Amino acid sequence: SCSETLAWASAQIHCQFHASDSRVQLPASEEPPQDVQAGNETVFIPNRGERGQCILSTPPKILFCDLRLDPGETKSYSYSETLPLSAPPSFRGQSVKYVYKLTIGCQRVNCPIQLLRLPFRVLLLHALQGFQPLQEDEVAPSNPFLEDDEMSKKDSRLLDSAVEILMSVTSRRTLHQYNISNTRGRVGTFCIFKTVYKIGEDVIGTFNFSDGEIPCLQ
């Protein structure tokens, strides 16, 4: 076997907007269609063939150029992108849809472009508006030389809060209800959303004594 040569690879994020023709009437657009590609198949158009209108597209970033791989050899590349604050969140409704995809394009020498689309969700976390981290070290003396460290701590707390909210929003929840009873009857019920937890994770549940058959004093 011989080595493989890849001309280039690029990554780009785009958001497709699609509206139901029978439910939503959109104004006519005079812009030319974006689904155009040169005959030599060398133009990278990540939303080519996608339904709807591309309303957001990040600048493409080159992952590599002229990459030569020997048999069994692998290469890894990292990609990061920041979406603008005006970007709409993901939404799948009966009338309109906002779908985000990360498109990775790669081309072998003298071959057409190959596209890999990875869909993902963009969520708007209203709970982070006006986020104020806990100041557990307010009594500590301030040091002007540690300003960057304080900013990194605040960013870390913000990220931790965002991850916690995302886990709460996106996790699949199934209500598990257990009856609390003794020999005289039912005291109440205990409800919990999941039964498997990680070490150190808080267990959150609710007790309901309103439907109990016998009084509970404590």
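Everything below is about the structure printed above this text.
Notes on the structure follow. None of these values were measured; they are calculated from a predicted model.

Brief notes about the overall build of the protein
Each helix and strand counted, the protein has one helix and nine strands in total. Reading the protein from its N end, one meets helices and strands in the order β-β-β-β-β-β-α-β-β-β. By the burial criterion, 22% of the 218 residues in the protein qualify as buried. Once local pairs closer than 6 in sequence are excluded, the contacts in the protein between residues at least 24 apart make up 62%.

Overview of the sheet that holds strand 9 (residues 205-208)
Within the open sheet, the three strands sit side by side as 7-8-9. Their pairing is antiparallel. Each end of this open sheet is capped by a strand with a single partner; those strands are strand 7 (176-182) and strand 9. Shown here is a sheet whose adjacent strand axes are inclined to one another by a mean of 25°, direction ignored. Taken together, the four bridges between strand 8 (residues 185-192) and strand 9 define a ladder with antiparallel strand orientation. Within the sheet, the bridge partner assigned to Cys-191 lies in strand 9 and is Thr-206.

Remarks on unusual backbone geometry
Unusually for a residue other than glycine, Asp-66 sits at a positive phi of about 50°. Relative to the helices and strands, Asp-66 is located in strand 3 (residues 61-69). One non-glycine residue, Asn-110, lies in the positive phi region at around 60°. Within the secondary structure layout, Asn-110 lies in the loop between strand 5 (96-108) and strand 6 (113-120).

Quick notes on the packing of aromatic side chains
The tally for this structure, following the rule as stated, stands at five aromatic pairs. Centre to centre, the rings of Phe-17 and Tyr-98 are 5.1 Å apart; their planes meet at 45°, and the pair counts as tilted. Placement of Phe-17 in strand 1 (residues 4-19) and of Tyr-98 in strand 5 is noted, with a sequence separation of 81 residues between them. Among the residues examined, Phe-17 registers a relative accessible area of 12% and is labelled buried. Geometrically, the ring pair formed by Phe-207 and Phe-209 is stacked, given 6.2 Å between the ring centres and 10° between the ring planes. The class for Phe-207 is exposed, based on a relative accessible area of 52%.

So, the nonpolar core
Formed by Ala-11, Ile-13, Cys-15, Leu-56, Ala-87, Tyr-100, Leu-102 and Val-122, the largest nonpolar core amounts to eight residues. Among the elements of the structure, strand 1 and strand 5 are those that each provide at least two residues to this core. Broken down by element, this core gets its largest block of residues, three residues, from strand 1. The next biggest cluster of nonpolar side chains, apart from the first, holds five residues, and it includes Leu-6, Ala-9, Leu-67 and Leu-69.

Conventions and cut-offs
- Residues numbered from 1 in each chain as written.
- Predicted model: local features only at pLDDT ≥ 70, side-chain atom pairs only at ≥ 80, totals over all residues.
- Heavy atoms only, no water.
- Helix = DSSP H or I, 4+ residues; strand = E, 2+ residues; numbered from the N terminus.
- Buried < 20%, exposed > 50% of the residue type's maximum accessible area, 1.4 Å probe, protein only.
- Contact = heavy atoms within 4.5 Å.
- Pairing = 2+ DSSP bridges.
- Axes fitted to C-alpha atoms, helices over the stretch in contact; angles between N-to-C directions.
- Phe/Tyr/Trp six-rings, centres within 6.5 Å; stacked < 30°, edge-to-face > 60°.
- Core = buried A, V, L, I, M, F, W, Y, C linked by side-chain atoms within 4.5 Å.

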